[in-house]
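Summary of the model geometry
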Amino acid sequence: MRVIIEEDYGAMSRRAAAIVAAMIRDKPALVLGLATGGTPIGLYSELIHRNREEGLAFSRVTTFNLDEYYGLPPQHEQSYGHFMRKHLFDHINVPEGNIHLPDGTVVDVDAFCRQYERMIDEAGGVDLQVLGIGADGHIGFNEPGSSLASRTRLVALGTRTIKDNARFFQSNDQAVPRAAITMGVGTILEARTCLLLASGTNKAGVVAQAIEGPITSQVTASALQLHPHTIAILDQRAASLLRRKDEYVRSETLLRELRAGGPG
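Attention here is on the structure that accompanies the text. Please read all numbers here as calculations on a predicted model, not as lab measurements.

Rules behind the numbers
Residues numbered from 1 in each chain as written. Predicted model: local features only at pLDDT ≥ 70, side-chain atom pairs only at ≥ 80, totals over all residues. Heavy atoms only, no water. Buried < 20%, exposed > 50% of the residue type's maximum accessible area, 1.4 Å probe, protein only. Helix = DSSP H or I, 4+ residues; strand = E, 2+ residues; numbered from the N terminus. Contact = heavy atoms within 4.5 Å. Salt bridge = Lys/Arg side-chain N within 4 Å of Asp/Glu carboxyl O. Pairing = 2+ DSSP bridges. Axes fitted to C-alpha atoms, helices over the stretch in contact; angles between N-to-C directions. Polar contact = N/O pair within 3.5 Å; in protein donor to acceptor, adjacent residues only side chain to side chain.

Quick word on helix α7 (residues 204–212)
Counting buried positions over the nine residues of α7 gives seven, a clear majority of the element. Among all positions of α7, only Ala-204, Val-206, Val-207, Ala-208, Ala-210, Ile-211 and Glu-212 are buried. Where α7 is buried, its residues contact β1 (2–6), β9 (193–198), β10 (230–235) and α8 (245–261).

Put into structure tokens, the structure is as follows:
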């Protein structure tokens, strides 16, 4: 896993946006997996800026979102469909037909989940999957105990996730949906590149577990250690409990110098 440590949230977001933008320029028809939550908002803001001011084109990009609350229609202000339109889709030139989001209103949820997997396959697979990390170490809504081979499915949300997400529902635990549709850990690991973002002291402990701890279904983000091309971008606070923090900084500096100057 490549670990990049930036000074603060803004620098983390800009570094992530530079990676996403470079991949889109290299492959204009990029298949981009997207995450919701507070952490990627800065990344999305930077991508909007690059679209408007630098001509970064999303006209051939295809997107697949990680997850959605089950029971919320897309127009609900706390749905992840609404979140994505507010923070990204309404501000860039991505075609409506290229946007894919789990549908939290489907009746036959198992059939929908199988279809979502087929749509990803038919698009050629996800090239770059953006990820955040939950306070209990989950990616997507793959709660502790999720199989590391799991696929897109309906899941029950854990108590910790419900409490953490209550802030988006006027701090009312009872208003938070109890289930969600999520890409599975196995689905996520099939992306060609995974981009994990984490910010803040409150994420430091679980980031250390995910990056340096054992691979375990109790911290589903730890499965990213198995991925051949995961990039973790952290701010200083999220990286504060990493045992090998200085080594990650040294390695990144060395690699940057080698790329700039060659082996000599």
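Having seen the model, we can carry on.
Quick notes on the environment of Thr-193
One can find Thr-193 in strand β9. Aside from chain neighbours lying at most four places away, what touches Thr-193 is Met-23, Asp-127, Leu-128, Gln-129, His-227, His-229 and Ile-231.

As for the pattern of salt bridges
Proximity of charged atoms lets side chains of opposite charge pair with each other. Inspection of every chain in the model, using the stated rule, returns 14 salt bridges. Where Arg-15 meets Glu-6, a salt bridge forms, and the shortest distance between an N and an O atom there is 2.6 Å. Overall, Glu-6 belongs to the buried group, its relative accessible area being 15%. Here Arg-243 makes a salt bridge to Glu-212, at a shortest N to O gap of 4.0 Å. Of the two residues, Arg-243 sits in the loop between β10 and α8 while Glu-212 sits in helix α7, which places them 31 residues apart along the sequence. Arg-243 sits in the exposed class, given a relative accessible area of 67%. The structure contains a network of salt bridges with shared partners spanning Arg-2, Glu-6, Arg-15 and Glu-252.

A few points about the sheet that holds strand β7 (residues 153–156)
With antiparallel pairing, three strands are arranged side by side in an open sheet as β4-β8-β7. Whereas interior strands pair on both sides, the edge strands pair on one side only; in this sheet they are β4 (67–69) and β7. On average, each strand axis in the sheet is tilted by 25° relative to the strand beside it, whichever way the strands run. Inspection of the sheet shows β7 paired to strand β8 (residues 179–182) by four bridges, in the antiparallel sense. Each bridged residue has a counterpart across the sheet, and for Ala-156 the counterpart in β8 is Ala-179.

Observations concerning the environment of Tyr-69
Of note, Tyr-69 is situated in strand β4. With a relative accessible area of 1%, Tyr-69 lands in the buried category. Counting along the chain gives 112 residues from Tyr-69 to Ile-181, while the straight-line C-alpha distance between them is 6.3 Å. Not counting residues up to four positions away in its chain, the partners in contact with Tyr-69 are Gln-78, Tyr-80, Gly-104, Phe-141, Leu-157, Asn-165, Phe-169, Val-176, Pro-177, Ala-179 and Ala-180. Here Asn-165 takes part through its side chain, which lies 2.9 Å from a polar atom of the side chain of Tyr-69.

Observations concerning the sheet that holds strand β3 (residues 62–65)
An order of β1-β10-β9-β6-β2-β3-β5 is seen for the seven strands of this open sheet, with the pairing classed as parallel. In the strand order of this sheet, the two ends are held by β1 and β5 (99–100), each with one partner. The pairing of strand β2 (residues 31–34) with β3 spans four bridges and is parallel. Across the sheet, residue Val-31 finds its bridge partner in β3, namely Thr-62. Contacts from helix α1 (residues 9–26) reach β1, β2, β6 (128–131), β9 and β10, with the element oriented near 155° to β10.

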